[in-house]
Amino acid sequence: MTKTILSLLFITTISMAQTGLVTQKAMVVSAREEASKIGSDIMLHGGNAFDAMVATELALAVAYPYAGNLGGGGFMVYRKANGKTGSLDYREKAPLAATKNMYLDENGNVIPGKSTESAFAVGIPGTIAGMFEVHKKFGSLPIAILLKPVIALAEKGVVVTENQWKQINDHKAAIVRLSGDQTLFAKDYKVGDIIKYPALAETLKRISKNGRDEFYKGETAKKLVAYLQQKGGIITLKDLSKYQAIWRKPITFKYRNLQIVSMAPPSSGGICLAQILKMIEPFEVAKLGHNSPKYIQLLTEAERRSYADRNFYLGDPDFVKIPQTQLLDPEYLKQRMSDFTFEKATKSADIAKGKITFSESNETTHYSIVDSKGNAVAATTTLNGAFGSKLYCDELGFFLNNEMDDFSSKPGTTNSYGLVGAEANAIAPQKRMLSSMTPTIVEKNGKLLMVLGTPGGSTIITSVLQTILNVTEFNMTMQNAVDAPRFHHQWLPDDISFEPKRFPEETTETLIQKGYKINEKNWPIIGKVDAILVLPEGRREAGADHRGDDKACGF
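Thresholds applied
Residue numbers here run from 1 along each chain, matching the order of that chain's written sequence. Local features are withheld for residues below a pLDDT of 70 in this predicted model, meaning they are given only at 70 or higher, and side-chain atom pairs are given and counted only at 80 or more; totals for whole chains, interfaces and linings count all residues. As a convention, hydrogens and water are excluded, and side-chain values are obtained from all of the structure's heavy atoms. Helix and strand assignments come from DSSP, with helices taken as H or I runs of at least 4 residues and strands as E runs of at least 2, each series counted from the N terminus. What the globule rule says is 2.2 Å times the number of residues to the power 0.38, and the radius of gyration is computed from C-alpha atoms. Here's how the labels work: a residue is buried when its accessible area is under 20% of the maximum for its type, exposed when over 50%, partly exposed in between, all with a 1.4 Å probe on protein chains only. Here, Shrake-Rupley sampling with a 1.4 Å probe gives the accessible areas, and only protein chains in the shown set may cover a residue. In this tally, Lys and Arg are treated as positive and Asp and Glu as negative; His is ignored, and so are the chain termini. We put the charge of a Lys on NZ, of an Arg on CZ, of an Asp on CG and of a Glu on CD. Two rings belonging to Phe, Tyr or Trp (six-membered ring only in the last case) form a pair when the distance between their centres is within 6.5 Å. Interplanar angles under 30 degrees mark stacking, angles over 60 mark edge-to-face geometry, and anything in between is tilted. Put simply, a charge is over a ring when the Lys NZ or the Arg CZ is close to the ring centre, within 6 Å, and near the line of the ring normal, within 35 degrees. Residues belong to one nonpolar core when they are buried, are Ala, Val, Leu, Ile, Met, Phe, Trp, Tyr or Cys, and are joined through side-chain atoms within 4.5 Å. Only when DSSP finds a minimum of two bridges between them are two strands counted as paired. Any two residues having at least one pair of non-hydrogen atoms within 4.5 Å are treated as being in contact. Note on definitions: angles span 0 to 180 degrees between N-to-C directions of axes, and those axes are lines fitted to C-alpha atoms, for helices only across the stretch in contact. In what follows, salt bridge is the name for a side-chain nitrogen of Lys or Arg lying within 4 Å of a carboxyl oxygen of Asp or Glu. UniProt positions are given in the numbering used here, feature names are shortened, and annotations may be inferred rather than shown by experiment. As used in this structure description, the phrase polar contact means that two N or O atoms lie within 3.5 Å; if the pair is within protein, one of them must be able to donate a hydrogen and the other to accept it, and residues adjacent in sequence are counted only when both atoms belong to side chains. Throughout the structure description, domain borders are defined by an automatic or database domain assignment. Two parts placed together each lose some accessible area under a 1.4 Å probe, and the buried area is that loss summed for both. Residues are grouped as follows: nonpolar covers Ala, Val, Leu, Ile, Met, Phe, Trp, Tyr, Cys and Pro; charged covers Asp, Glu, Lys and Arg; every other residue, Gly included, is treated as polar.

Caption draft 1: The overall build of the chain, seen in detail. Within the chain, the regular secondary structure consists of 18 helices and 21 strands. In summary, the chain has a C-alpha radius of gyration of 22 Å against a globular reference of 24 Å for 555 residues, a match within 12%. Expressed along its principal axes, the backbone C-alpha trace of the chain runs to roughly 65 × 60 × 45 Å. When each of the 555 residues of the chain is scored for burial, the buried share is 64%. Surface accessibility of the chain: about 20,200 Å² in total, with carbon and sulfur atoms responsible for 53%. Here the chain carries 66 positive and 59 negative side-chain charges, and the mean point of each set is 4 Å from the other.

Encoded structure:
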């Protein structure tokens, strides 16, 4: 029996054909059922996918404070029912007082914790600006209607699940150290307890009444700046008042008979996804066998080359020139894979950035939405680390991000996800930090096929990649595609990360014999994909990741 057949049999035994929730008209898939239901109900009562986006995003700030937020930012890719696509960048920015060497000591070394667990780590939040920008352009219901169920959820409270209990307890010591022993999250919560968020409810009420400016210029802004400065931060009212979300042209490319629309810089997601898919396109991917040694080799080697380029060339396009055309040029990508062989591993030390001439967290969350008319939204939002900087502003009711760690604190050193930074992603005032977030929409024959994305820091891109291939190359259901075992490679460190105990020993042994290093220890979860597949007859099938509390709701 061949290794490929053994691999396929292994996958079959752990994941028999499963179909996720199937609905006729509309659907939301997110990290918590409470948020998915609020978004679905908005559409049930006449709202569109963009209205549902605003409600879902802010409901996640209540139900999933681990990553859902008012104090962070994100990216959104959309496809309207008429086929028009676009994207919104509501990523955080560096404060005006930020400097290139702000996290280095007098010897030029990175100061541990300063860019991850301090008020100095906080970037200017973009979430509220993003939601109001989406609402202004595409919303159909008043903002007060969209926020009403979110405010009610904050007042009623949210049940602590086993996953949330673990999240809180794993990070409680740091939260208390940063936010004090009287903070809301200092309490000893048990599974089944209800956490109410009255301060967040009041903040949302002010935003509902006074609009976007409440967060960036009003009472909320003043309280936020006072809190951060008292904690040693550098964000000012001027920083908040200057913040703007930006509409950007998404990365759009073809892979076989698919048209893929993904996020442009300052997200690295779209470019990396395009590079990897273009590098593997000449190969008969399906014939290699799902998660076979050769399939893992092919994706690993393409990922190795793409992440090497990512780490050198990509950053905020408003600050650095990105050689996007060259990075996606077919001849360039063919040359990048020219030294690949199935016989042995390429060493990352032998792979540098590609030669071009021209003058990011597990603690993220993604949601996917399709409405009854066919409008689609893929949105990924984050605080960066788990509960962000661990700074919880009890007066306002939300955590602050530690997004400044996604810059290159010192070119050549790694961030908290092990990604090596370069000059293109160096810190500068008002600059947006590079991200791996990859909200993505897939079309086939001019029609909507798939909406997907995931948290996972540097593993986001590879999780989205494998989910697309699971559906389109291996004919999986959406739920099976999301649940299938995943692996990840990112150039440095030079190893392939496997989800523990989800790959047959024979597969790992074959790869080791060819010179690959296998890591099953550091990545207990590789992504938590939330996706929607449009079935041939037009119904929507959900893929809500079993790795979390993720849930789909719809009608």
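Caption draft 2: Focus on unusual backbone geometry. Across the junction of Pro265 and Pro266, the peptide omega takes the value 20°, indicating a cis bond. By the element assignment, Pro266 lies in the loop between strand E9 (258-262) and helix H11 (269-280). For the peptide bond that leads from Leu492 to Pro493, omega is 0°, which places it in the cis range. Although it is not a glycine, Arg256 sits at a positive phi angle of roughly 55°. With respect to the secondary-structure elements, Arg256 resides in the loop between strand E8 (251-255) and E9. Arg256 gets classed as partly exposed once you look at its relative accessible area, which sits at 35%. Here the phi dihedral of Lys501 falls at roughly 60°; this positive angle occurs in a residue that is not glycine. Inspection of the secondary structure assignment puts Lys501 in the loop between strand E17 (496-498) and helix H18 (505-513).

Caption draft 3: Region of the structure containing the packing of aromatic side chains. All told, the structure shown has 26 aromatic pairs when counted by the stated rule. Relative to Phe138, the ring of Phe50 has its centre 4.4 Å away and its plane inclined at 25°; by these criteria the two rings are stacked. Of this pair, Phe50 sits in helix H3 (residues 49-63) while Phe138 sits in helix H4 (residues 127-138), and the two are 88 residues apart along the sequence. Look at Phe50 and you get buried, because its relative accessible area is 2%. When the ring of Phe283 is compared with that of Phe342, the centres are 6.0 Å apart and the planes differ by 85°; the resulting orientation is edge-to-face. A residue pair is termed long-range when its members are at least 10 positions apart, and Phe283 in the loop between H11 and helix H12 (285-288) and Phe342 in the loop between helix H15 (330-336) and strand E10 (364-370) qualify at 59 residues. Judged by its relative accessible area of 24%, Phe283 is partly exposed. The structure contains a cluster of three or more aromatic residues connected by ring pairs, namely Tyr64, Tyr66, Phe185, Tyr197, Phe387, Tyr392 and Phe399. Here the basic side chain of Lys137 rests over the ring of Trp247, its NZ or CZ set 4.3 Å away from the ring centre.

Caption draft 4: A look at the nonpolar core. By size, the foremost hydrophobic cluster in this structure holds 83 residues, and its most contacted members are Met53, Leu70, Met76, Tyr90 and Tyr197. Leu288, Leu327, Ile532 and Ala552 belong to the second largest nonpolar core, which has 81 residues in total.

Caption draft 5: Local environment of the sheet that holds E9. Within the open sheet, the seven strands sit side by side as E1-E20-E19-E15-E14-E9-E8. Their pairing is antiparallel. Looking at strand neighbours, the two that pair on one side only are strand E1 (22-23) and E8, the edges of this open sheet. Where strand E14 (residues 440-444) and strand E15 (residues 447-452) come together, five bridges link them in antiparallel fashion. Each bridged residue has a counterpart across the sheet, and for Thr440 the counterpart in E15 is Leu452. Along the sheet, H11 makes contact with E8, E9 and E14, crossing E8 at roughly 15°. Here helix H16 (residues 460-472) sits on the sheet and contacts E8, E9, E14, E15 and strand E19 (530-534); the angle it forms with E15, its principal contact strand, is near 140°.

Caption draft 6: Looking closely at the pattern of salt bridges. Across all of its chains, the model carries 36 salt bridges by this definition. Put simply, Arg32 and Glu34 hold a salt bridge, and the shortest N to O gap is 2.9 Å. Residue classification places Arg32 among the buried positions, given a relative accessible area of 3%. Across the pair Arg547 and Glu499 runs a salt bridge, and its minimum N-O distance is 2.8 Å. Within this pair, whereas Arg547 is found in the loop between strand E20 (540-544) and strand E21 (551-554), its partner Glu499 is found in the loop between E17 and H18, the two being separated by 48 residues in sequence. Of the two residues, Arg547 and Glu499, both sit in the buried class. A single salt-bridge network, built from bridges that share partners, covers Asp89, Arg248, Asp316, Asp318 and Arg432.

Caption draft 7: Fine view of the UniProt feature "active site" (unreviewed entry) in the chain. The positions UniProt marks with the feature "active site" (unreviewed entry) are Thr364. In this fold, Thr364 is placed in strand E10. At a separation of 2.9 Å, a polar atom in the side chain of Thr364 contacts the side chain of Thr382.

Caption draft 8: Structural view of the domain arrangement of the chain. Domains assigned within the chain are domain 1 (35-74 + 110-244 + 379-426) and domain 2 (248-360 + 437-554). Using C-alpha coordinates to define each centre, domain 1 is positioned 28 Å away from domain 2. If you look at the interface, domain 1 gives 23 residues, while domain 2 gives 25 residues. Both faces considered, domain 1 and domain 2 share a buried interface measuring about 1,700 Å² in area, 55% of it formed by carbon and sulfur atoms. Seen at the junction of domain 1 and domain 2, the total is zero salt bridges. Linking domain 1 with domain 2 are four residue pairs in polar contact (both at pLDDT 80 or more), by the criterion used here. The set of elements that each furnish at least two residues to the side of domain 1 that touches domain 2 consists of helix H2 (33-44), helix H6 (162-179) and strand E11 (376-382). When residues of the side of domain 1 that touches domain 2 are assigned to their parent elements, the largest contribution, four residues, is made by E11. Grouping the amino acids of the side of domain 1 that touches domain 2 by side-chain chemistry returns seven nonpolar, 14 polar and two charged.

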